[in-house]
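# Reading the structure
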Amino acid sequence: MTAFRLTLIAALLAGSVVARADTTPQAVAEHYATVVHASYADALGATRTLQTAIDALIASPSDETLAKARESWLAAREWYGQTEAFRFYSGPIDSEEGPEGRINAWPMDEAYVDYVKGKTRAGIINNPKAKLSREALVSLNEKGGEENVSTGWHAIEFLLWGQDLSKTGPGARPVSDFIDGKGQNADRRRTYLKIVTDLLVDDLNNLTQAWAPDAKNYRADFVADKEAMQKILTGLGVLSRGELAGERMEVALASKSQEDEHSCFSDNTHRDVVANAKGIQNIWEGSYTRADGSVLKGASLRELIAGKDAKLAEKTSADIANSVKLAQEIQSPFDQEIVGKDSAPGRKRVRAVVDSLKKQASDLVNTAKVLGIKNLNTKA
């Protein structure tokens, strides 16, 4: 038995991790690209299922087809949420020309798109002069303000659930909103929903292709990039600290407002948090469980760092795992977790996740230093 195998066995028995013989920055970058492609492919597949369900709703609006569309949105969201770890370094999704703003922009001013309580004629849908086309809706996205969201996950979410006016559950848009003769501008609402759903599918397809293997695309450039490790760690660090802990949770804790939660119409914010935290863990551990149940396992940041600082690698793994665990303890609806005094159980659960995410962000800064990356940005 080789010395490496003996060392590996001893480390596993002790519960620690060592670097594999082939764990190099190049190997980590290549496996990262494999996981990114698979993650987008799974999100795309689930979103195509959503597209089919929405087509069925549009063709034959009923309580059953609306329920199926909502169910499909929730299922697809689980897969997309894990891809958020691939952002924040000007990759294909959020470069200057990237589609992130039209895919996942939030928070959303509902009245920009459709009617809300007290404003029955509000929104693009209820303005007969507003053209309904892909080009028009893309041009209107975030026009005049960041909350003027007209496309993406949350526009679809709002059209499926409507405003969330309940403290105990999600929005309850009636299916009559999609039926001619019952819902005001039902035909325009159906058209709008079709356009933004098809756009989401196309954007996710383009991202999947950007990371496809054996092609002249972003992936080919990425795996050859000397700054690949910095980009990977920037994505994890910013999502951990600036975005998830900060924008998506601390802001909501401070405001105690439903308007500042991520998926407020469907009451799915608690699952958004879990999926985002899991996406970070997937990359750190180099392991991703696909929609078909297969597992992609390969060279990881954890192994790379373990070869240089085993204690730091173990600490980072433990802290990231703890963030996922704590995220899973947040209860639905999120808008009720964030209200009350700081001693309220819900606020304490959310605060625990924020604190854990900040801790893991600090770990990631330290892992970057081990790799010679002096200034890892975790707040952009």
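Presented here is an overview of the structure given in this document. Residue positions within a chain follow its written sequence, with the count starting from 1. Totals for whole chains, interfaces and linings use every residue, but because this is a predicted model, local features are given only for residues with pLDDT of at least 70 and side-chain atom pairs only at 80 or more, for both listing and counting. Side-chain numbers come from the whole structure's heavy atoms, not from hydrogens or water.

### Overview of the overall build of the protein chain
Counting its secondary structure elements, the protein chain contains 14 helices and two strands. With C-alpha atoms as the basis for the radius of gyration, the globule rule is written as 2.2 Å multiplied by the number of residues raised to the power 0.38. Against the globule reference of 21 Å for 380 residues, the protein chain gives a C-alpha radius of gyration of 22 Å, in line with a compact fold. Three labels apply to residues, based on accessible area from a 1.4 Å probe with only protein chains included: buried if under 20% of the type maximum, exposed if over 50%, partly exposed otherwise in between. Residues counted as buried form 56% of the 380 residues belonging to the protein chain. Any two residues having at least one pair of non-hydrogen atoms within 4.5 Å are treated as being in contact. Pairs at least 24 apart in sequence give 73% of the contacts found in the protein chain among residues at least 6 apart. When the accessible surface of the protein chain is split by element, carbon and sulfur atoms take 50% of a total near 16300 Å². Each helix corresponds to a stretch of at least 4 residues labelled H or I by DSSP, and each strand to a stretch of at least 2 residues labelled E; elements are numbered beginning at the N terminus. Accessible areas in this description were obtained via Shrake-Rupley with a 1.4 Å probe; residue shielding takes into account the shown protein chains only.

### With respect to a negative patch on the surface
Each patch is built from salt-bridge-free residues with over 30% relative accessible area, joining like charges within 9 Å and nonpolar side chains (Val, Leu, Ile, Met, Phe, Trp, Tyr) within 5 Å. A pair is scored as a salt bridge if a Lys or Arg side-chain nitrogen falls within 4 Å of a carboxyl oxygen belonging to Asp or Glu. Charge assignment: positive for Lys and Arg, negative for Asp and Glu; neither His nor the chain ends contribute. Taken as the charge location is NZ of Lys, CZ of Arg, CG of Asp or CD of Glu. A contiguous patch of negative charge on the surface is contributed by E142, E146, E147 and E259. Positionally, E259 belongs in the loop between α9 (228-255) and α10 (269-285). Taking relative accessible area as the criterion, E259 reaches 36% and is therefore assigned partly exposed.

### Section: the side chain of S133
Structurally, the position occupied by S133 is in the loop between α4 (100-104) and α5 (134-140). S133 sits in the buried class, given a relative accessible area of 14%. We define a polar contact as two N or O atoms separated by no more than 3.5 Å, with the added condition that, inside protein, one atom must be a possible hydrogen donor and the other a possible acceptor, whereas residues neighbouring each other in sequence contribute only through side-chain atom pairs. Here the side chain of S133 touches A136 through a polar contact of 3.1 Å, landing on its backbone nitrogen.

### Concerning the packing of helix α6 (residues 153-161) against helix α7 (residues 186-210)
Axis separation between α6 and α7 bottoms out at 9 Å; the angle between their running directions is 150 degrees. Judged by the sense of rotation from one axis to the other, the crossing of α6 with α7 is left-handed. Residue-level contacts link W153, I156, L159 and L160 of α6 to R189, Y192, L193, V196, T197, L200 and L204 of α7. Counted by class, the contact of α6 with α7 contains nine nonpolar, one polar and one charged residues. Every axis corresponds to a line fitted to the C-alpha atoms, with the helix fit spanning only the stretch in contact, and the corresponding angles, defined between N-to-C directions, vary from 0 to 180 degrees. In this scheme the crossing of two helices becomes right-handed for a clockwise turn of the near helix relative to the far one and left-handed for an anticlockwise turn of less than a right angle. Here the nonpolar group is Ala, Val, Leu, Ile, Met, Phe, Trp, Tyr, Cys and Pro; Asp, Glu, Lys and Arg are the charged ones; every other residue, Gly included, is treated as polar.

### Looking at the environment of E78
Here E78 is to be found in helix α3 (residues 63-81). Here E78 falls in the partly exposed class, since its relative accessible area comes to 23%. As for E78 and A361, which are separated by 283 residues in sequence, their C-alpha atoms are 23 Å apart. Within the structure, E78 has its side chain in polar contact with the side chain of R271 (distance 2.9 Å).

### A look at the packing of helix α12 (residues 310-328) against helix α14 (residues 345-370)
The interhelical angle for the contact between α12 and α14, taken along N-to-C directions, is 155 degrees, at an axis separation of 9 Å. When the interaxial angle is binned, α12 and α14 end up roughly antiparallel. The two elements α12 and α14 cross, and the hand of that crossing is left-handed. From α12, L312, K315, T316, D319, I320, N322, S323, L326 and A327 reach across to α14, where they touch A352, V353, S356, L357, K359, Q360, D363, L364, N366, T367 and V370. Each residue belonging to the contact of α12 with α14 can be placed in one class, and the counts come to nine nonpolar, seven polar and four charged. An angle below 35 degrees is treated as roughly parallel, one above 145 as roughly antiparallel, one from 65 to 115 as roughly perpendicular, and anything else as oblique.

### Re α6
Where burial is concerned, most of α6 is hidden: nine out of the nine residues are buried. All of the buried residues along α6 are W153, H154, A155, I156, E157, F158, L159, L160 and W161. Those residues of α6 hidden inside the fold are in contact with α2 (25-59), α3, α4 and α7. Downstream of α6 by a residue or two, G162 has a phi angle that is positive, lying close to 75 degrees.

### A look at the packing of aromatic side chains
Classification of ring pairs rests on two measures: the distance between centres of Phe, Tyr or Trp rings, Trp counted by its six-membered ring, which must be within 6.5 Å, and the angle between planes, read as stacked under 30 degrees, edge-to-face over 60 and tilted in between. Per the stated rule, a full pass over the model turns up 13 aromatic pairs. Arranged with centres 6.0 Å apart and planes meeting at 75 degrees, the rings of Y32 and W211 form a pair that is edge-to-face. Within this pair, whereas Y32 is found in helix α2, its partner W211 is found in the loop between α7 and α8 (218-223), the two being separated by 179 residues in sequence. Like Y32, the residue W211 is buried in the burial classification. An angle of 35 degrees between the planes, with centres 6.2 Å apart, marks the rings of Y89 and F222 as tilted. Here the residue Y89 occupies a position in the loop between α3 and α4, and F222 occupies one in helix α8, the gap between them amounting to 133 residues. Each member of the pair, Y89 together with F222, is buried. Among the aromatic residues, ring-to-ring pairing joins Y32, Y40, F86, Y89, W211, Y218 and F222 into one connected group. Here, a charge over a ring means that NZ of Lys or CZ of Arg falls within 6 Å of the ring centre while also lying within 35 degrees of the ring normal. When the ring centre of F158 is taken as origin, the NZ or CZ atom of R173, which lies over that ring, is 5.1 Å away.

### Overview of the environment of L364
Within the element layout of this structure, L364 appears in helix α14. Separated by 80 residues in sequence, L364 and W284 place their C-alpha atoms 9.6 Å apart.

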